[in-house]
Structure formats: C-alpha cells, structure tokens
Amino acid sequence: MDYDDSLDRALTETPEINDAVERFQVPDPEVRPEGNVTIYENFAETHDRLNRNRDHLLKFFQSELGTSASIDDRGRARFTGDFKQSRASDALDEYVETFVTCSECGSPDTRLVEEQGATVLKCDACGALSAVSEI
C-alpha cells in the first residue's frame, strides 16, 4: 500500500470533527430555590459531561453569579441567593465556550493543561493550544 492509498484510507475512516460537536450535548442546568439559596440539581452530571473538575466549574459559577457557593453531600451546587434558570444557562454557555470548546475547530474533545506555568485549552481533535483566562 502506497502513501496515497494509506492517506485516503485514513481520511475515510477518521470521523468528522462536526460529528464530535453534534454528539456533545450539555445538560440544561436544573436550578430551584430553597430558602435563601439556589440549588443546581444536576451539577454533578454537568461537570461529568463537560469532563472538567467540579471545583473549577463551581469557581467559575461563583465568579459569574457574584456569589458564594458550595457542593453538598449529594453533589449538588448550592449558590447563596436567588438565581433563575436562564442566568445559570448563560453562565454555563459561557463556561463551555471559554473552557471546553476548541476555538480552532469547535470540538468539545479538549482538556485543561499547564503549559509553561499557564493554563491552556488543549484540543485532542486538532492539537490546538488556546490560552484561557484565570478564574
């Protein structure tokens, strides 16, 4: 098998990057008020689906919502204050855009890594490295 045949075979067997984007579904935040706090019911499912550290995601939400938060024994996030589902969705969309989706190819197959003392987003699909801001 020569180079051109190998290349053609590899290209036909490689999934399209758009397939990864289409199969990636971020769960909508399920939030509800409980006294003077807002409970993010499916927080554990969300950080699992995003393949991100729960503390990183929680810290981002704290910054975006401007409040304090904690994780309870059931894996739910508890935010001090009353926050609507739409505000939590907007914050989650911002997190996905900044810390999950590759800025070059749009793939969600990424991870946060340390490179020369800075945190960067490394894409496993195209290999791109993108600088991300600190929370």
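Predicted, not measured: the structure shown is a model, and the values here were computed from it.

Caption draft 1: Spatial organisation of the nonpolar core. Core analysis: the largest hydrophobic core is formed by 22 residues, its most contacted members being Tyr40, Leu50, Phe61, Phe79 and Tyr95. For leucine 50, the contacting residues outside a window of four places in its chain are Phe24, Val26, Leu57, Leu92, Tyr95, Val96 and Val100.

Caption draft 2: Focus on the pairing of strand 4 (residues 77-80). Here strand 4 shows one buried face, formed by Ala77 and Phe79, and one open face, formed by Arg78 and Thr80. By the bridge criterion, 4 bridges tie strand 2 (residues 37-40) to strand 4 in an arrangement that is antiparallel. From the neighbouring strand, valine 37 faces strand 4, where its bridge partner is threonine 80. Pairing of strand 3 (residues 69-71) with strand 4, which is carried by 3 bridges, proceeds in the antiparallel orientation. Looking at the pairing, alanine 69 lines up with phenylalanine 79 of strand 4. Between strand 3 and strand 4, which follow one another and run antiparallel, lie 5 residues, and glycine 75 among them has a positive phi close to 80 degrees.

Caption draft 3: Layout of a negative patch on the surface. A grouping of Asp28, Glu30, Glu64, Asp90, Asp93, Glu94 and Glu97 is seen on the molecular surface, where their side chains present a negatively charged patch. Ranked by the residues each element gives to the negative patch, the list is headed by helix 5 (residues 85-99), at 4 residues. On the secondary structure map, glutamate 97 appears in helix 5. Look at glutamate 97 and you get exposed, because its relative accessible area is 59%.

Scoring rules and cut-offs
Residues numbered from 1 in each chain as written. Predicted model: local features only at pLDDT ≥ 70, side-chain atom pairs only at ≥ 80, totals over all residues. Heavy atoms only, no water. Core = buried A, V, L, I, M, F, W, Y, C linked by side-chain atoms within 4.5 Å. Buried < 20%, exposed > 50% of the residue type's maximum accessible area, 1.4 Å probe, protein only. Contact = heavy atoms within 4.5 Å. Helix = DSSP H or I, 4+ residues; strand = E, 2+ residues; numbered from the N terminus. Pairing = 2+ DSSP bridges. Patch = residues over 30% accessible without salt bridge, like charges linked within 9 Å, V, L, I, M, F, W, Y side chains within 5 Å. Areas by Shrake-Rupley, 256 points an atom, 1.4 Å probe, with all protein chains shown as cover. Salt bridge = Lys/Arg side-chain N within 4 Å of Asp/Glu carboxyl O. Lys, Arg positive; Asp, Glu negative; His and termini not counted. Charge placed at Lys NZ, Arg CZ, Asp CG, Glu CD.

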